[in-house]
Amino acid sequence: RADRVIAISQSTADDLRAVYKTPERKITVIPSGVRDIFRPISHNDPSLLDIQKKYHLPYKFILSLGTIEPRKNLIALLRAFETMHASGHPELMKYSLVIAGEDGWNSEEFFECVRRSPVKEKIILTGFVADEDKPGLYSLASVFVYPSLYEGFGFPPLEAIACGAPVIASHTSAIPEVVGTSAMLIDPYRPEEILQSLRQVLLSKELQGVLRNSGPVQASRFSWSQTAQEVRSCFDRASSSSAG
């Protein structure tokens, strides 16, 4: 019955048409934005040391952030991390895995996998992370990995690229719309692709530099002021149409 339906990504718009048979003329795609607090922080900034101490972060780590639930596909990331350590590569074995975020639904299997992991001493679970601390985590991370199976938009990878973190993310649903060419995209159903991308990023300073520089440029395309303007314009058009 709605006059207009706002979709936060083209992927969501496609789902609306496919699942709910929503007419295309009713759908307006208006992407979400990213807050100004998400920006690169110099490693000389003393605030990063405070974040490192608060969350007991190691010097070199792989980060994933989000609610812990099956859709986030964290077991695949864990398996890739275990295989990376099993390779015995001296540089790669220096890295820990930091999983940041609160418990979600059906998270028991993931925690059991962590308990049974042969590298569990290299895995850090931070629990809840305050919004104001997230830029520090992204800035400290050697790489941010987001192997989610489905996202309507995908805030964590957008926040991460805005902070200049090298990002590895799924090529599914809305994520490619958000990160563009500023992240390495992988098939989330193939842990070996996660592993291959981790090796590529962690062993190449040049690739890290490319991703760190391109991320904030891509993120600058998503602003809440632009989102607000487009939402208001959508309301105006809907109101005019109703009046007519």
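Residues numbered from 1 in each chain as written. Predicted model: local features only at pLDDT ≥ 70, side-chain atom pairs only at ≥ 80, totals over all residues. Heavy atoms only, no water.

Peer 1: Go over the pattern of salt bridges with me, naming the residues and quoting the values.
Peer 2: Enumeration over the complete set of coordinates arrives at 14 salt bridges. Note that Lys72 and Glu151 form a salt bridge whose closest N and O atoms lie 2.8 Å from each other. Residue Lys72 is found in the loop between β3 (61–65) and α3 (74–86), and its partner Glu151 is found in the loop between β6 (143–146) and α6 (155–162); the two are separated by 79 residues along the sequence. A relative accessible area of 9% places Lys72 in the buried class. Judged by relative accessible area, which is 7%, Glu151 ranks as buried. Where Arg79 meets Glu82, a salt bridge forms, and the shortest distance between an N and an O atom there is 3.2 Å. In this pair, Arg79 and Glu82 are both assigned in helix α3, 3 residues apart and thus about one turn of the helix distant. When its relative accessible area of 35% is taken as the criterion, Arg79 is described as partly exposed. In this structure Glu82 comes out as buried when scored by relative accessible area, which is 13%. Among the ionic contacts, a cluster of salt bridges with common partners joins Glu69, Arg71, Lys72 and Glu151. (Salt bridge = Lys/Arg side-chain N within 4 Å of Asp/Glu carboxyl O. Helix = DSSP H or I, 4+ residues; strand = E, 2+ residues; numbered from the N terminus. Buried < 20%, exposed > 50% of the residue type's maximum accessible area, 1.4 Å probe, protein only.)

Peer 1: Provide a residue-level description of helix α9 (residues 205–219), including the pertinent values.
Peer 2: Taking 1.5 Å per residue as the helical rise, α9 with its 15 residues ought to reach 21 Å, and the 22 Å between its terminal C-alpha atoms agrees with that figure. Taken together, the buried positions of α9 are occupied by Gln208, Leu211, Gly215, Gln218 and Ala219. Axial view of α9: buried residues confined to an arc of 100 degrees, hence all on one face. Seen from the buried face of α9, the exposed residues on the opposite side, beyond 90 degrees, are Lys205, Glu206, Asn213 and Val217. In the core, the buried residues of α9 are packed alongside α6, β7 (167–170), α7 (175–179), β8 (184–186) and α8 (191–202). (Expected span 1.5 Å × (residues − 1). Arc of directions from axis to C-beta. Contact = heavy atoms within 4.5 Å.)

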